[in-house]
Amino acid sequence: MYSCGVVKDDEGLARNIFSPHHYDISTGSLTTLAFDDILNKGLSVLRCNQVDTTKIIEIGNNKKKDIHGYHGYITVQAKTIRECILDSKRAMAIYDTAMIDLLSHADICSIGVTSKSGKNLLRIFLRETFSKLVPIPK
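Residues numbered from 1 in each chain as written. Predicted model: local features only at pLDDT ≥ 70, side-chain atom pairs only at ≥ 80, totals over all residues. Heavy atoms only, no water.

It is worth spelling out the pairing of strand β4 (residues 43–47) at this point. Most of β4 is tucked away: four of the five residues are buried. As judged from the four bridges shared by β4 and strand β9 (residues 105–110), these two strands associate in the antiparallel manner. Along β9, the bridge assignment pairs V45 with A106. (Buried < 20%, exposed > 50% of the residue type's maximum accessible area, 1.4 Å probe, protein only. Helix = DSSP H or I, 4+ residues; strand = E, 2+ residues; numbered from the N terminus. Pairing = 2+ DSSP bridges.)

What the six strands build is an open sheet, ordered β8-β9-β4-β1-β5-β10; its pairing is antiparallel. Each having just a single partner strand, β8 (92–96) and β10 (134–135) make up the two edges of the open sheet. Where β8 lies against β9, five bridges are found, and the strand directions are antiparallel. Its bridge partner lying in β9, A93 is registered against C109. Contacts between helix α1 (residues 53–63) and the sheet are confined to β1 (12–19), β4 and β5 (69–77), with β5 contributing the most and set at about 135 degrees to the helix. Across the sheet, helix α3 (residues 116–129) lies against β4, β5, β8 and β9, angled at about 65 degrees from β8, the strand it touches most. (Contact = heavy atoms within 4.5 Å. Axes fitted to C-alpha atoms, helices over the stretch in contact; angles between N-to-C directions.)

With that settled, consider the pattern of salt bridges. In the structure shown here, the tally under the stated rule is seven salt bridges. For R82, the salt bridge goes to D9, with nearest N and O atoms at 2.7 Å. Of this pair, R82 sits in helix α2 (residues 78–82) while D9 sits in the segment before β1, and the two are 73 residues apart along the sequence. Residue classification places R82 among the buried residues on the basis of a relative accessible area of 17%. The partner of E11 in a salt bridge is R47, and the shortest N-O contact between them spans 2.7 Å. A residue pair is termed long-range when its members are at least 10 positions apart, and E11 in the segment before β1 and R47 in strand β4 qualify at 36 residues. A residue is classified by how much of its surface remains accessible, and R47, at 1% relative accessible area, is buried. (Salt bridge = Lys/Arg side-chain N within 4 Å of Asp/Glu carboxyl O.)

Our next topic: the packing of aromatic side chains. Taken as a whole, this structure holds two aromatic pairs when the rule is applied. Plain terms: the ring middles of F18 and Y70 are 5.3 Å apart, the flat faces sit at 40 degrees to each other, and that makes the pair tilted. Within this pair, whereas F18 is found in strand β1, its partner Y70 is found in strand β5, the two being separated by 52 residues in sequence. Across the pair, Y70 and F18 agree in class, each one buried. (Phe/Tyr/Trp six-rings, centres within 6.5 Å; stacked < 30°, edge-to-face > 60°.)

So, in structure tokens, the structure goes:
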């Protein structure tokens, strides 16, 4: 109903990163837990052509809870997600999941990956494929 349309291959996708689950402060690196949502409900991302950097950060700041720290966001191109192949099949799909108050929302979902090793490979692929953390301005 609120769709911005099909997510195109050349679109950037941004994911907000929080600690302690997504980001290890002591090492300054992403954890594979930052990508666990792909295995059950979909990895929540924002479509970069529908939202600017200021809005991405605002959404992250609004989402953080008292126990979580908001560190910034990571990005990836939609085409890269769609090119991930496991067992000779596409492993992920991107769905426009726009909402009335967040038109830029999309989800990256696992498709047909059921083995434990396949799920681990997906999380590792995502951790290695997304950009380095774009930190929030201090």
